[in-house]
Amino acid sequence: MSSSVVARAWRRSLRDALLRGPAWRGGASARSASTASGAAAEAAAAPKKVPPPPRKGRRLLTGALIGLAIGGGAYVSTADEARFCGWLFKSTELVNPFFALLDAEFAHRLAVKAAAHGFVPREKRPDPPVLGLEVWGRKFANPIGLAAGFDKNAEAVEGLLGMGFGFVEVGSVTPQAQEGNPKPRVFRLKEHGAVINRYGFNSEGIVVVAKRLGAQHGKRKMEETSSSTSPSTSDIKQGGKAGPGILGVNLGKNKTSEDAAADYVQGVHTLSQYADYLVINISSPNTPGLRKLQGRKQLKDLVKKVQAARDEMQWAEDGPPPLLVKIAPDLSKQDLEDIAAVALALRLDGLIISNTTVSRPPPADTHPLAQETGGLSGKPLFDLSTNILREMYMLTRGKIPLVGCGGVSSGEDAYKKIRAGATLVQIYTALAYGGPALIPRIKAELAECLERDGFKSVQEAVGADFR
């Protein structure tokens, strides 16, 4: 097939996908799931469609992306793969201003759809060797991951991992489908590089997500079976269950549930077989009473039940997925000591530090709903979350992996998290502002930081501020 034919097909499919509305999927697909999840399937209701953006913004965005496709189609026939890959990531910066014209939530949905349909750049260049590391018996190509909240329903795992993340965390996923809080519920604070979100665990439910992850898992197994490459003899697993990167599944509870532990257990039973690691999310500020589960007794009881549910399942030689807990940044010294004590006593596999904050009031000119409630993420969260990370590293004495999350927008930020005790680092809000081009830039800057200070690997730099 000639390059001109490829280019025409690319432009046509891009146009069709962009002009197709981002309808939610659900409903009938849930009925084909397992008996154990039947109750959740019957209770799930298809969420409402997202309203279309202003016509002017939609036309500008569509025109810009089609223009990139035309340029890319011409460029790919004359450039080698590595150069084209770099150009394609760089060219996405041209699209960012058009996304800024759209409603924040619609822009979010459009970005997920673009990744789900493959209309995002795919990283073909190898990561710098200094970024590789081993955690939980698996090899990460790099320590930069995408935090939960972006791909809530596991629609775009392959596309997101393909952009060069070392790992991607989907969710939070609730047992039953729920729409979350009323709209508007996402607010940009552009001058602060921040976002206020009050989504409220909007989720299509574990049945729909399980079906998607099951299909991806089956595809991965078929590729492994048909591959001519002989299996590795190393004890360290290369990549994960969803592809070359690692997949995390973040579990949440339904807003109206009276038994939080039962919700998390149901998530474990249904989704853990597809996850390289699991996360108990007890730190969202947008679900009433959720953060109370961070108390010492409540957390201990919850983790013991979830661990028991995971361990009672049958596992292959790889064993069960690691179990992590995601905590809030708005915690006292005593709160942190209690969480650390539970994590060490129950041998948790890791902690994610942290979720969004409610302790930093938004600017007075933000939307009234943003003033009422909602978590603040982005650059204003960096110092607060990093300080909590430092405290937890000292309390756990580095005995469990910590994932640094909150306000990371550069390789230098990621490096500071690692020196403060993080083994892995997650981004989210910075991606919303910087787009795909941010991913290779952060990795390159992080590699430069490590080499500048004489570290031969990420693992050597973990907790370096305490040595």
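Residues numbered from 1 in each chain as written. Predicted model: local features only at pLDDT ≥ 70, side-chain atom pairs only at ≥ 80, totals over all residues. Heavy atoms only, no water.

Student: Would you take a moment to explain helix H14 (residues 411-419) for this structure?
Tutor: Residues three or four positions apart in an α-helix share a direction because the helix packs 3.6 residues into each turn. For H14, the complete set of buried residues consists of Gly 411, Asp 413, Ala 414, Tyr 415, Lys 417 and Ile 418. Its buried side turned inward, H14 meets strand E3 (144-146), helix H13 (382-396), strand E13 (402-405), strand E14 (424-427), helix H16 (438-452) and helix H17 (458-461). A positive backbone phi angle near 125° is found at Gly 421, which sits one or two residues after H14. (Buried < 20%, exposed > 50% of the residue type's maximum accessible area, 1.4 Å probe, protein only. Helix = DSSP H or I, 4+ residues; strand = E, 2+ residues; numbered from the N terminus. Contact = heavy atoms within 4.5 Å.)

Student: Hey, could you run me through the sheet that holds strand E6 (residues 194-197) in this one?
Tutor: Strand pairs in the sheet, formed through backbone hydrogen bonds, run parallel or antiparallel to each other. Strand order in the open sheet formed by three strands is E5-E6-E12, and the pairing between neighbours is antiparallel. Single-partner strands in this sheet number two, and they are strand E5 (186-189) and strand E12 (375-378). Sheet twist, expressed as the average angle between the axes of neighbouring strands with direction ignored, equals 20°. Judged from the four bridges that link them, E5 and E6 form a sheet pairing that is antiparallel. Across the sheet, residue Phe 187 finds its bridge partner in E6, namely Ile 196. (Pairing = 2+ DSSP bridges. Axes fitted to C-alpha atoms, helices over the stretch in contact; angles between N-to-C directions.)

Student: Which parts of the structure should I look at to understand empty space enclosed by the protein?
Tutor: Over the atoms, a rolling probe the size of a water molecule traces out where space has been left empty. If you walk through the whole model with that rule in mind, you get three cavities of 30 Å³ or more. What the largest cavity holds in volume is close to 90 Å³. Looking at the lining of the largest cavity residue by residue, the class counts come to four nonpolar, three polar and four charged. (1 Å grid on protein atoms, 1.4 Å probe; cavity = no way out; pocket = protein on both sides within 12 Å on 5 of 7 lines; lining within 4 Å. Points joined across faces, edges and corners; volume = space filled by probe spheres on them. Nonpolar A, V, L, I, M, F, W, Y, C, P; charged D, E, K, R; others polar.)

Student: Is there a simple way to explain the sheet that holds strand E4 (residues 167-173) in this structure?
Tutor: Read once around its circumference, the closed barrel built from eight strands follows the order E3-E4-E8-E9-E10-E11-E13-E14, with strand pairing classed as parallel. Taking the axes of each pair of neighbouring strands and ignoring which way they run, one obtains an average angle of 25° across the sheet. With three bridges joining them, strand E11 (residues 350-353) and E13 adopt parallel strand pairing. Residue Ile 353 lies in a different strand from E13, and its bridge partner there is Gly 404.

Student: When you look at the packing of helix H9 (residues 260-271) against helix H10 (residues 296-311) in this model, what are you seeing that I'm missing?
Tutor: Helix packing for two helices is described by the angle between their axes and how far apart those axes are. The interhelical angle for the contact between H9 and H10, taken along N-to-C directions, is 25°, at an axis separation of 9 Å. Between H9 and H10, the crossing angle belongs to the class labelled roughly parallel. For the element pair H9 and H10, the recorded crossing hand is right-handed. Packed against H9, whose contacting residues are Ala 261, Tyr 264, Val 265, Val 268 and His 269, the element H10 presents Leu 302, Lys 305, Val 306, Ala 309 and Arg 310 at the interface. Classifying every residue of the contact of H9 with H10 gives seven nonpolar, one polar and two charged. (Parallel < 35°, antiparallel > 145°, perpendicular 65-115°, else oblique. Left-handed = near helix turned anticlockwise from the far one by under 90°.)

Student: What's the story with the pattern of salt bridges in this structure? I'm lost.
Tutor: Oppositely charged side chains can form a pair if their charged atoms are brought close together. Scanning the model with the defined rule gives 21 salt bridges in all. Between Lys 297 and Asp 301 there is a salt bridge, with its nearest N and O atoms 2.9 Å apart. In this pair, Lys 297 and Asp 301 are both assigned in helix H10, four residues apart and thus about one turn of the helix distant. Classification of Asp 301 by relative accessible area gives partly exposed; the value is 33%. The salt bridge partner of Asp 453 is Arg 419, with a shortest N-O separation of 3.8 Å. Here Asp 453, found in the loop between H16 and H17, pairs with Arg 419, found in helix H14; they are 34 residues apart in sequence, far enough to count as distant. Here Arg 419 falls in the partly exposed class, since its relative accessible area comes to 21%. What you see here is one network of salt bridges that share partners, running through Arg 390, Glu 412, Arg 419, Arg 452, Asp 453 and Asp 465. (Salt bridge = Lys/Arg side-chain N within 4 Å of Asp/Glu carboxyl O.)

Student: I would appreciate a short explanation of the pairing of strand E10 (residues 323-327) in the present structure.
Tutor: Looking along a regular strand, one sees side chains alternate from face to face of the sheet. Along E10, five of the five residues are buried, which leaves the element largely enclosed by surrounding structure. Residue alternation in E10 divides its side chains into two sets, Leu 323, Val 325 and Ile 327 and Leu 324 and Lys 326, and both sets are buried. Judged from the four bridges that link them, strand E9 (residues 277-281) and E10 form a sheet pairing that is parallel. From the neighbouring strand, Leu 278 faces E10, where its bridge partner is Leu 323. Handedness of the crossover is the feature at issue here: the chain leaves E9, passes through H10, returns alongside E10, and the resulting connection is right-handed. Tracing the backbone out of E10, into helix H11 (residues 333-345) and back to the parallel element E11 gives a crossover that is right-handed. (Right-handed = clockwise from strand over helix to strand, strands pointing away.)

Student: Hey, could you run me through unusual backbone geometry in this one?
Tutor: Apart from glycine, the bulk of residues carry a negative phi angle, and the bulk of peptide bonds sit in the trans form. With omega at 5°, the peptide bond leading from Gly 171 into Ser 172 counts as cis. With respect to the helices and strands, Ser 172 occurs in strand E4. That bond from Ile 353 to Ser 354 is cis: its omega, 15°, falls within 30 degrees of zero. By the secondary structure assignment, Ser 354 is in the loop between E11 and helix H12 (368-372). Notably, Trp 136 is not glycine yet its phi reads approximately 55°, a positive angle.

Student: Before we go on, may I ask you to explain the environment of Ala 437 in this structure?
Tutor: Relative to the assigned elements, Ala 437 resides in the loop between helix H15 (429-434) and H16. On the basis of relative accessibility, which here comes to 5%, the residue Ala 437 falls in the buried class. Once the C-alpha coordinates of Ala 437 and Pro 121 are considered, the two residues, 316 residues apart in sequence, prove to be 8.9 Å apart.

Student: Honestly, the nonpolar core in this entry has me stumped. Any pointers?
Tutor: Most often, soluble globular proteins keep nonpolar side chains buried together rather than apart. Among the nonpolar cores identified, the biggest contains 104 residues, and Tyr 264, Ile 327 and Leu 351 are the most heavily contacted of them. Looking at this core element by element, the count peaks at seven residues for H16. With residues up to four places along the chain from it excluded, the contact list for Leu 351 reads Leu 324, Val 325, Ile 327, Ile 339, Ala 343, Met 392, Ile 400, Pro 401, Leu 402 and Val 403. In terms of nonpolar packing, the next biggest core, distinct from the first, is built from six residues, Val 95, Phe 99, Ala 107 and Leu 110 among them. (Core = buried A, V, L, I, M, F, W, Y, C linked by side-chain atoms within 4.5 Å.)

Student: For this particular structure, what's the right way to read the packing of aromatic side chains?
Tutor: The geometry of an aromatic ring pair is captured by the separation of the ring centres together with the interplanar angle, meaning the angle of the planes. Enumeration over the complete set of coordinates arrives at seven aromatic pairs. Ring centres of Phe 140 and Phe 167 lie 5.7 Å apart, and the angle between their planes is 80°; on these two criteria the pair is classed as edge-to-face. Taken together, the residues span a long stretch of sequence, with Phe 140 in strand E2 (residues 138-140) and Phe 167 in strand E4 at a distance of 27 residues. Accessibility assignment for this pair places Phe 140 and Phe 167 in one class, buried. Taking the centre distance of 6.3 Å and the plane angle of 65° together, the rings of Phe 167 and Tyr 277 count as edge-to-face. Remark: Tyr 277 occurs in strand E9 and Phe 167 occurs in strand E4; sequence separation between them is 110 residues. Given the relative accessible area of 1%, Phe 167 is considered buried. (Phe/Tyr/Trp six-rings, centres within 6.5 Å; stacked < 30°, edge-to-face > 60°.)

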